[in-house]
Amino acid sequence: MLHIAEDIRERGGFLRRSDLLAIGYTDGGLKAALRYRLIFRVRHGWYSVPDAPDSAVRAVRVGGRLTGVAALESYGLIVPRRRHIDIAVPRGACRLRRPADRRARIQEQDGVRVRWIERPLAEREPESRWRVSLEEALVVILQSEDRDIAVACCSAVMHAFRWSGKRMDAVFAMAPARARAWRGLVNPLDEAHGETFARLWFGDAGIPWEPQPRVRGVGRLDGRVSPHVYVEVDGGQHDPAWTGESESTFHKDHVRRITLTARGATVLSFDYRQLYTAWPECLAATRRAIADDQALMAYRKRHPYRERSSPPRCPARQRPAKSPNENEGDPSE
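First, a word on what this report is: a plain description of the structure on this page. Everything numeric in this text was worked out from a predicted model, so none of it was measured.

Here we take up helix α8 (residues 165–173). Within α8 the residues assigned to the buried category are Met168, Val171 and Phe172. In an axial view of α8, the angular spread of the buried residues amounts to 95 degrees, which keeps them on one side of the axis. Opposite the buried face of α8, by more than 90 degrees, sit the exposed residues Lys166 and Ala173. Those residues of α8 that are buried lie in contact with α6 (134–144), α7 (147–161) and α9 (177–180).

Backbone hydrogen bonds are what pair the strands of a sheet, in a parallel or an antiparallel way. The strand order β9-β12-β13-β14 describes an open sheet built from 4 strands, whose pairing is mixed. Of all strands in the sheet, those with a lone pairing partner are β9 (210–211) and β14 (266–270), marking the two edges. Sheet topology note: the β9/strand β12 (residues 223–226) ladder contains 2 bridges and is antiparallel. The partner of Glu210 across the bridge, within β12, is Arg224.

It is worth spelling out the packing of aromatic side chains at this point. Within the structure shown, the criterion is met by 6 aromatic pairs. When the centroid spacing of 5.7 Å and the interplanar angle of 15 degrees are considered together, the rings of Phe202 and Trp209 count as stacked. Using a relative accessible area of 0% as the deciding quantity, one classes Phe202 as buried. According to the relative accessible area criterion, Trp209 is buried, its value standing at 12%. Positioned above the aromatic ring of Tyr75, the side-chain terminus of Arg131 is 3.8 Å from the ring centre.

All right, on to unusual backbone geometry then. Backbone geometry places Arg162, a non-glycine residue, at a positive phi of 55 degrees. Checked against the element boundaries, Arg162 lands in the loop between α7 and α8. Positive phi is not limited to glycine here, since Gln212 has a value of about 50 degrees.

Now for the nonpolar core. By size, the foremost hydrophobic cluster in this structure holds 78 residues, and its most contacted members are Phe14, Leu72, Leu138, Leu142 and Phe202. Once you skip the residues sitting within four places of it in the chain, Leu72 turns out to touch Leu77, Val79, Leu134, Ala137, Leu138, Ile141, Cys153 and Val157.

For the rest of this paragraph, the subject is the packing of α6 against α7. Contact geometry for α6 and α7: axes closest at 9 Å, N-to-C directions at 160 degrees. As far as their axial angle goes, α7 and α6 are roughly antiparallel. Both α6 and α7 take part in a crossing whose hand is left-handed. Only Ala150, Cys153, Cys154, Val157 and Phe161 of α7 make contact with α6, whose side of the interface consists of Leu134, Leu138, Ile141 and Leu142.

About the cut-offs
- Residues numbered from 1 in each chain as written.
- Predicted model: local features only at pLDDT ≥ 70, side-chain atom pairs only at ≥ 80, totals over all residues.
- Heavy atoms only, no water.
- Buried < 20%, exposed > 50% of the residue type's maximum accessible area, 1.4 Å probe, protein only.
- Helix = DSSP H or I, 4+ residues; strand = E, 2+ residues; numbered from the N terminus.
- Arc of directions from axis to C-beta.
- Contact = heavy atoms within 4.5 Å.
- Pairing = 2+ DSSP bridges.
- Phe/Tyr/Trp six-rings, centres within 6.5 Å; stacked < 30°, edge-to-face > 60°.
- Lys NZ or Arg CZ within 6 Å of the ring centre and 35° of its normal.
- Core = buried A, V, L, I, M, F, W, Y, C linked by side-chain atoms within 4.5 Å.
- Axes fitted to C-alpha atoms, helices over the stretch in contact; angles between N-to-C directions.
- Parallel < 35°, antiparallel > 145°, perpendicular 65-115°, else oblique.
- Left-handed = near helix turned anticlockwise from the far one by under 90°.

Next comes the structure, spelled out in structure tokens:
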């Protein structure tokens with residue numbers, strides 16, 4: 001009985017009663033494990049361990065597997081968080097339960113979107129009992145999410161798991177027609193979905209975005225929108241829709257900004273809240289910085305021999321000369 005939790009973890013974290021009986025456990029042993037809280041009943045006939053991921057428990061309790069954005073999160077990706085979770089269930093499945101109550105049927109207000117899919121091939125068991133593969137999750141995202149979310153998720157998968165272009169092409173081949181045009185927008189250089197959003201939105205505004213430019217003595221930055229104008233998007237820890245923990249890049253960003261400013265460049269820093277709630281202001285600031293950069297380059301082209309390291313200094317003010325008798329009568333003399 002003491003090994004039942006380990007056996008469940010080694011086999012994916014969720015097992016049916018029939019699976020447990022097949023590997024040698026008895027109904028009496030299952031009842032004892034339940035009594036000592038080594039395991040718990042997820043839904044009728046399904047068992048798991050107390051430290052199972054909450055999202056996985058919710059999916060199995062409903063009667064399916066995590067898919068969409070929620071599935072990507074379960075693989076460790078920091079992606080735009082949604083208010084709902086997508087759960088894939090086989091076509092014809094019945095008796096779907098509420099994610100928080102195995103005894104009640106699912107309801108609309110449960111924050112779950114059910115995705116009806118074909119059953120897996122008889123000769124191929126699913127990779128996991130509680131989540132779909134990355135490919136299946138991305139297909140659902142391309143079917144159900146808007147362009148920005150879909151491109152950000154695809155870029156995150158390519159970056160984190162080093163997918164080849166052919167593997168992503170195969171995913172888009174299964175996508176609906178409206179989403180296939182987004183394939184050219186996916187970029188594995190994006191290190192966070194905030195960078196993807198900025199790249200897409202600047203592109204919509206007609207501003208080209210060079211991702212991850214490397215500057216000598218400084219390192220890589222998130223993007224460049226003009227020869228001397230760079231953009232830094234603060235990390236996912238500042239995303240109001242994301243509550244995960246990650247190391248802040250605040251100090252490193254300041255060091256890079258100071259170094260580039262000393263060289264005459266401009267670094268614009270936007271956090272996720274600004275991107276989501278004040279994008280027009282971010283865009284206006286970027287356009288102004290680009291215009292200033294273009295004006296400065298035009299000035300230097302017209303005056304190639306003028307010193308660029310510092311602006312011309314104002315001449316020192318001359319003090320008037322003293323008259324010969326100016327100090328007469330001074331008691332200090």
